[in-house]
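Examination of the molecular architecture
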Amino acid sequence: MARFILRRLGLSLITLLIILVIVTLIPNIAPGDPARKIAGGTASPERLMSVRESLGLDDSVAEQLSNLFVSVFTLDFGDSFTKPGESVMGLVTSSLWTSGKLVLFALVLVLPLSIAGGLLAAYRKDTWIDRTIVNSGLAMSSIPEFVAGVIFLTVLAVPIDFFKVGADAPDGSGVFTQLQHLLLPAFVILTVYFGYIARVTRAGTIAALESDYARTAFMKGISTGAVFRKHVVRNALQPTVAVVGTQLGYMFGGMVGLEIVFNYPGLGKLILNAAQDADYPLLRGGVLVVAIIYMLATLAADLIIAWMNPRARVLTEG
Amino acid sequence: MTDDHNDDITNGTDGAAPGAVNENSSAKDIEEAAVATRKQIAKEQRRVLFRTPGFIIGSAILLFWVVSAIFPTLITDTDPKATVRLDDGSALIREGPSADAWFGTDTIGRDVFARVIHGAEPVLVVSPIATILAIIAGTLVGLAMGYYLGWVDEVLSRIVESILSIPVILTAILVIFTFGQSTPVIIGTVALLFTAPIARTVRAATISEAQLDYVTSAKMRGESSLFIITREILPNITGVIVVEMTVRLGYAVFTVATLAFIGFSAGDITEPDWGVDVSQQWERIVGDVWWPTIFPALAIASLVIAVNLVADSIDRATKS
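All chains use their own residue numbering, which begins from 1 and follows the written sequence. Labels follow written order: the first chain is A, the first ligand is 1, and so on. Reporting in this predicted model follows two pLDDT cut-offs: at least 70 for local features of residues, and 80 or more for side-chain atom pairs to be given and counted; totals over whole chains, interfaces and linings ignore these cut-offs and use all residues.

1. Remarks on the overall build of chain B
Cut-off, in case you're wondering: In this text, helices come from DSSP runs of H or I with a minimum length of four residues, and strands from runs of E with a minimum of two, each type numbered from the N-terminal end. Each residue is classified by how many other C-beta atoms fall within 10 Å of its C-beta atom, where C-beta atoms are placed from the backbone; a count of 20 or more means buried, 12 or fewer means exposed, and values in between mean partly exposed. Contacts are defined on C-beta atoms placed from the backbone: any two residues whose C-beta positions lie within 7 Å are in contact.
Scanning chain B from terminus to terminus reveals 14 helices and zero strands. When its helices and strands are written in sequence order, chain B yields α-α-α-α-α-α-α-α-α-α-α-α-α-α. Across its three principal axes, chain B shows a C-alpha extent of roughly 85 × 45 × 25 Å. Split into buried and exposed, the 320 residues of chain B put 47% on the buried side. Summarising the internal contacts of chain B: among those between residues at least 6 apart in sequence, 71% fall at separations of at least 24.

What follows is the structure in structure tokens.
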């Protein structure tokens with residue numbers, strides 16, 4: 001197990017290094033002077049100089065890369081460009097916390113419902129229940145979040161007072177009020193992920209149910225419930241764990257459209273605003289933090305899978 | 001998921017392979033027979049496909065939007081950029097759906113129905129071009145990874161993995177911000193970002209094909225790698241590639257619409273575009289003016305659902 005963890009960590013570090021190379025190269029291969037684009041067309045030469053210096057564009061690409069490497073490991077990306085005196089990491093951490101609240105609440109809704117849906121669809125394979133879950137999942141999971149968001153605003157938030165238009169509760173609200181505000185965006189995440197996770201769970205469960213060990217267990221006369229609990233679930237849920245792991249990074253930083261519709265100051269919105277304000281240090285820092293979250297989440301997922309299934313410890317090493 | 005696609009096709013070729021080794025004189029006939037079997041299976045799969053309800057509904061919706069994108073004036077002759085005026089000359093501004101404007105008019109009196117019909121064009125130009133570029137690049141990269149394995153695969157796998165570890169929309173923001181907002185940049189960004197997942201799928205399919213007997217026998221015949229990859233493996237993984245292409249087209253529509261909504265579109269924002277129109281109008285929903293937002297939003301939803309229905313039907317047909 002220790003060898004597996006070490007190898008898995010090594011791979012993550014290589015991935016992170018490649019991301020750093022890509023992120024460093026982008027402004028260097030872009031046409032025109034990025035400093036001019038960021039400072040604005042009418043910037044004074046002094047201002048331009050300071051922009052160039054803060055971006056490190058005067059250094060060689062190798063120096064820029066090593067500086068960024070140090071930034072990632074010390075988690076210090078310098079100061080924001082448009083908000084003087086505020087550190088990139090401070091801004092990112094506070095948005096990260098905001099996004100985290102929504103992601104956590106959404107997961108509490110999404111995981112039990114969609115795993116139950118997937119198990120049910122597999123257990124009632126080829127019935128109308130199965131077809132409804134599979135087909136609605138297929139239809140819903142491809143709709144952009146902002147589209148689902150504006151539809152929910154129209155049919156729920158406007159006519160029914162209980163549902164709130166904005167996801168960010170006023171300062172000092174209690175837990176219940178905060179959750180009430182987060183309910184609609186969490187519904188959107190449920191809409192997007194229910195079908196996806198249910199389908200993956202269903203496929204994993206069907207494969208586990210058709211396996212030799214499950215057949216043997218049934219033939220020994222063990223009750224269906226016990227076969228599910230003791231034999232099927234542990235194996236069936238591995239693909240689900242993998243999918244949730246890869247989607248966590250997306251939930252933290254990729255839901256830009258959803259955060260705009262519900263005016264929620266999460267990580268996605270922070271990164272978008274950084275791009276709109278041409279705050280390159282903040283933009284770059286935000287994107288890298290999302291990449292780190294993705295890596296930690298997939299690492300955690302792989303470790304959970306290795307714990308659930310000892311064979312995976314060997315298989316993924318190949 | 002994509003591994004068991006072409007069992008039938010492979011068996012067809014497989015069955016022919018031993019004969020080809022034993023009797024050199026009839027090798028050509030047997031090869032022709034194998035091609036004929038493959039064609040027959042393809043024909044059978046198409047027959048199943050054309051009877052699938054999901055495929056029929058999905059294609060019909062898709063066809064409607066393609067017609068709207070190419071010949072919008074066939075469906076509506078209202079100018080999508082002009083204010084709707086009644087016969088007495090009064091302007092129809094922010095009015096709900098009625099006989100004069102089926103989907104109502106937006107905050108400056110433009111006809112929402114006309115904008116929805118004309119708005120099909122930008123997304124249906126950008127998404128397919130980006131998807132096709134990504135499929136070509138992703139297939140080439142995936143074939144190389146899956147066939148050569150070794151260090152080629154190690155290096156490319158790490159690059160693919162790192163592209164996949166940042167949400168597409170964030171990488172797109174970063175790239176479009178640095179390279180400027182224009183149609184070629186948006187197409188190039190989406191194509192580049194989608195190359196990674198396609199390469200991963202094609203790699204997996206190539207690896208499972210490369211282990212089969214027909215590839216081994218081609219290697220023993222002394223065929224070149226290029227021949228084996230393009231003439232032996234590629235034809236047997238076309239099913240996987242077609243499914244991947246339709247799935248990615250759905251994601252491309254998703255990504256392009258989302259980029260337009262968050263303010264990364266190439267065109268003039270007065271031009272009709274679903275994502276841009278939603279971004280311009282959605283704040284009016286709280287004032288009960290829902291129609292300028294909901295109709296383009298439903299158009300986006302219907303297009304991605306249609307593409308997904310088609311993708312899922314093709315996937316099932318190639319597996320049947």
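2. Topic: the overall build of chain A
Of regular secondary structure, chain A possesses 15 helices and zero strands. Projected onto its principal axes, the C-alpha coordinates of chain A cover approximately 80 × 55 × 35 Å. Looking at chain A residue by residue over its 318 residues, the buried ones come to 42%. A separation threshold of at least 6 residues defines the contact pool for chain A, and within that pool the share at least 24 residues apart is 71%.

3. Things to note about the domain arrangement of chain A
Frequently, the measure chosen for interface size is the accessible area that the parts lose on association. Residues and elements named next belong to chain A. Convention followed: Segmentation of the chain into domains, including their bounds, is taken from an automatic or database domain assignment.
Domain parsing of chain A yields domain 1 (2-74) and domain 2 (92-313). Between the C-alpha centres of domain 1 and domain 2 there is a distance of 31 Å. Counting from both sides, the interface comprises 13 residues of domain 1 and, opposite them, 13 residues of domain 2. Only α1 (2-29), α2 (34-39) and α3 (45-55) provide two or more residues apiece to the side of domain 1 that touches domain 2.

4. Comments concerning the interface of chain A and chain B
The cut-off we apply is this: Charged residues are taken to be Asp, Glu, Lys and Arg, nonpolar residues to be Ala, Val, Leu, Ile, Met, Phe, Trp, Tyr, Cys and Pro, and polar residues to be all remaining types, Gly included.
At the interface, 40 residues of chain A touch 37 residues of chain B. Breaking the side of chain A that touches chain B down by element, the ones donating at least two residues are α1, α6 (128-140), α7 (145-157), α11 (238-254), α12 (256-261), α13 (267-276) and α14 (280-308) of chain A. Per-element tally for the side of chain A that touches chain B: the top contributor is α1(A), with seven residues. Its residues assigned to classes, the side of chain A that touches chain B shows 32 nonpolar, eight polar and no charged.

5. A word on the confidence of the model for chain A
Put simply, the test is: Scored from 0 to 100, pLDDT records how confident the predictor is in each individual residue.
Here chain A averages 86 in pLDDT, and 97% of its residues register 70 or above. The spread of mean pLDDT over the elements of chain A runs between helix α15 (residues 310-315) of chain A, the lowest at 68, and α12(A), the highest at 94.

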